[in-house]
Amino acid sequence: MSRVSLEGQVAVVTGAARGVGELLARKLSARGVKVALVGLEPDALKQVSERLHTESAHWHADVTDHEAMARVATEVEERFGRVDVVVANAGVATGGPFTESDPQAWRRVIEVNLIGSAVTGRAFLPALTESRGYLLQVASLAAMTPAPMMSAYCASKSGVEAYAHSLRAEVGHQGVRVGVAYLSWTDTDMVRGADQDDVMRELRQRLPWPSNKTYPLGPAVDRIVDGIERRSSHVYGQWWLRGMQSVRGYLPAVIGTVGQREMRRFADRLSGMRIGLVGAGGAADEQERSTAVTQRR
């Protein structure tokens, strides 16, 4: 597939305060892209924006808030004049047994990862239709394969993958391309936060190679940038994920069998696991909601 020059284009990146979103913003800026950063941490977003090579701006917004994201979309167009690329990257995670999970944290994973992605798409699709642009939805290996102790995250990423595939068929005739990016365990605050729990870390280490590794962030984001340049339908942050597409139909049965064995192994260690959102991004999300509740009182 031919590449599209990114020089002078305008990209919106959600979840841009850290991790994949931050590094993606930096790499896009290095290619001449003007970047609109969206997230929950205004101070961190401001710092990211100030380090970029090209014109940029940042917006404090919760991606699950329809009104806030509609306002952001309007203001981004007013600021930059157009929108060519939108990367729906914002996401949170929680881990642990479903029956002991915090219902609010479990629901929040679905809201941010799935509903927030749809809200982002709804807000920016008019601008992307006008520019005949590209929407990249960040999914995960979790979209391809279920995993015990990750029910909310797997459900959200499977859902967002299906949403993006459906959307691709709807808007393609209008010149809008839609892609899905898949990442395995990548060195971000989210993964490091999950690894702070001994059970989650050991379970992951017992996965078969190459899914038991933590991969460096830089090469994964380079692959995402390459996918944006190509307006790719599928983007794979790690080389081996492409091959998973051909076997994913068999994985639920395999994991259903192997997972039972692993859960028996760890059964006496499951009580007392942390049940909230993981990592610095999860902490920022919890702080944002706590502040909102306080302000309403």
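Residues numbered from 1 in each chain as written. Predicted model: local features only at pLDDT ≥ 70, side-chain atom pairs only at ≥ 80, totals over all residues. Heavy atoms only, no water.

(A) Just the overall build of the protein, in detail. Regarding its fold elements, the protein presents 11 helices and seven strands. Here the C-alpha atoms of the protein give a radius of gyration of 19 Å, agreeing with the 19 Å that 2.2 N^0.38 yields for 297 residues. Buried positions account for 53% of the 297 residues belonging to the protein. A separation threshold of at least 6 residues defines the contact pool for the protein, and within that pool the share at least 24 residues apart is 70%. (Helix = DSSP H or I, 4+ residues; strand = E, 2+ residues; numbered from the N terminus. Rg over C-alpha atoms; globule rule 2.2 N^0.38 Å. Buried < 20%, exposed > 50% of the residue type's maximum accessible area, 1.4 Å probe, protein only. Contact = heavy atoms within 4.5 Å.)

(B) Main features of the packing of helix α4 (residues 103–131) against helix α5 (residues 151–171). It is at 7 Å that the axes of α4 and α5 come closest, and there the two elements cross at 20°. As the angle between them shows, α4 and α5 are arranged roughly parallel. Remark: the crossing between α4 and α5 carries right-handed chirality. For the pair formed by α4 and α5, the contact residues are Trp106, Val109, Ile110, Asn113, Leu114, Ser117, Ala118, Gly121 and Leu125 on the first element and Ser151, Ala152, Tyr153, Ala155, Ser156, Lys157, Gly159, Val160, Tyr163 and Leu167 on the second. Residue composition of the contact of α4 with α5, by class: 12 nonpolar, six polar and one charged. (Axes fitted to C-alpha atoms, helices over the stretch in contact; angles between N-to-C directions. Parallel < 35°, antiparallel > 145°, perpendicular 65-115°, else oblique. Left-handed = near helix turned anticlockwise from the far one by under 90°. Nonpolar A, V, L, I, M, F, W, Y, C, P; charged D, E, K, R; others polar.)

(C) Representation of the pattern of salt bridges within the structure. Using the criterion set out here, one finds 25 salt bridges in the structure. Among the salt bridges present, the one from Glu22 reaches Arg51, with a minimum N-O distance of 2.8 Å. Placement of the pair is Glu22 in helix α1 (residues 19–30) and Arg51 in helix α2 (residues 42–51), with a sequence separation of 29 residues. We note a salt bridge from Arg192 to Asp189, for which the minimum N-O separation is 2.7 Å. Taken together, the residues span about one helical turn, with Arg192 and Asp189 both in helix α6 (residues 189–195) at a distance of three residues. (Salt bridge = Lys/Arg side-chain N within 4 Å of Asp/Glu carboxyl O.)

(D) Fine view of the pairing of strand β5 (residues 134–138). Most of β5 is tucked away, with five of its five residues classed as buried. In β5, alternate side chains face the same way, and those of Tyr134, Leu136 and Val138 on one face and Leu135 and Gln137 on the other are all buried. Pairing geometry for strand β4 (residues 85–88) and β5, over four bridges, is parallel. Bridging from a neighbouring strand, Val86 pairs with Leu135 of β5. Taken together, β4, α4 and β5 constitute a β-α-β crossover, and its handedness is right-handed. The pairing of β5 with strand β6 (residues 177–182) spans five bridges and is parallel. Following the sheet pairing, Leu136 is matched in β6 by Gly179. Handedness of the crossover joining β5 and β6 through α5 is recorded here as right-handed. (Pairing = 2+ DSSP bridges. Right-handed = clockwise from strand over helix to strand, strands pointing away.)

(E) Representation of helix α10 (residues 251–266). The terminal C-alpha atoms of α10, which comprises 16 residues, lie 21 Å apart, in line with the 22 Å expected from a rise of 1.5 Å per residue. Listing the buried residues of α10 in full gives Leu251, Gly259, Glu262 and Phe266. Among the structural elements, α7 (198–205) and α9 (241–244) are those in contact with the buried residues of α10. (Expected span 1.5 Å × (residues − 1).)

(F) Broad picture of the side chain of Glu22. The exposure class of Glu22 is buried, given its relative accessible area of 17%. Residues contacting Glu22, with those up to four places away along its chain left out, are Gly15, Ala16, Ala17, Val48 and Arg51.

(G) Expanded view of the nonpolar core. Counting 65 residues, the largest nonpolar core has Val12, Trp59, Met69, Val76, Val83, Phe124 and Tyr182 as the members making the most contacts within it. With nine residues, the single largest contributor to this core is α4. Excluding anything up to four places from it in sequence, Val12 contacts Ala36, Val38, Val76, Val83, Val85, Val86, Val87 and Phe124. (Core = buried A, V, L, I, M, F, W, Y, C linked by side-chain atoms within 4.5 Å.)

(H) Examining α7 more closely. Within α7, the full set of buried residues consists of Val199, Met200, Leu203 and Arg204. Angular distribution of buried residues about the axis of α7 spans 130°; they occupy a single face of the element. Among the structural elements, α6 and α10 are those in contact with the buried residues of α7. Where α7 begins, the capping side chain belongs to Asp197, and its oxygen is found 3.0 Å from the backbone nitrogen of Val199. (Arc of directions from axis to C-beta. Polar contact = N/O pair within 3.5 Å; in protein donor to acceptor, adjacent residues only side chain to side chain.)

(I) View of the environment of Glu229. Structurally, the position occupied by Glu229 is in helix α8 (residues 217–230). The class of Glu229 is buried, set by a relative accessible area of 16%. A C-alpha to C-alpha distance of 19 Å links Glu229 and Ala16, two positions 213 residues apart in sequence. The contact partners of Glu229, leaving out residues within four places of it in the chain, are Ser2, Arg3, Val4, Leu6 and Arg31.

(J) Here's a closer look at the sheet that holds β6. Taken together, the seven strands give an open sheet; going across it, the order is β3-β2-β1-β4-β5-β6-β7, and neighbouring strands pair in parallel fashion. Only two strands of the sheet have a single partner each, and these edge strands are β3 (56–60) and β7 (234–236). Neighbour-to-neighbour, the strand axes of the sheet open up by a mean angle of 15°, direction not taken into account. Helix α3 (residues 66–80) contacts β1 (10–14), β2 (34–39) and β3 of the sheet and is inclined by roughly 165° relative to β3. α4 contacts β1, β4 and β5 of the sheet and is inclined by roughly 180° relative to β4.

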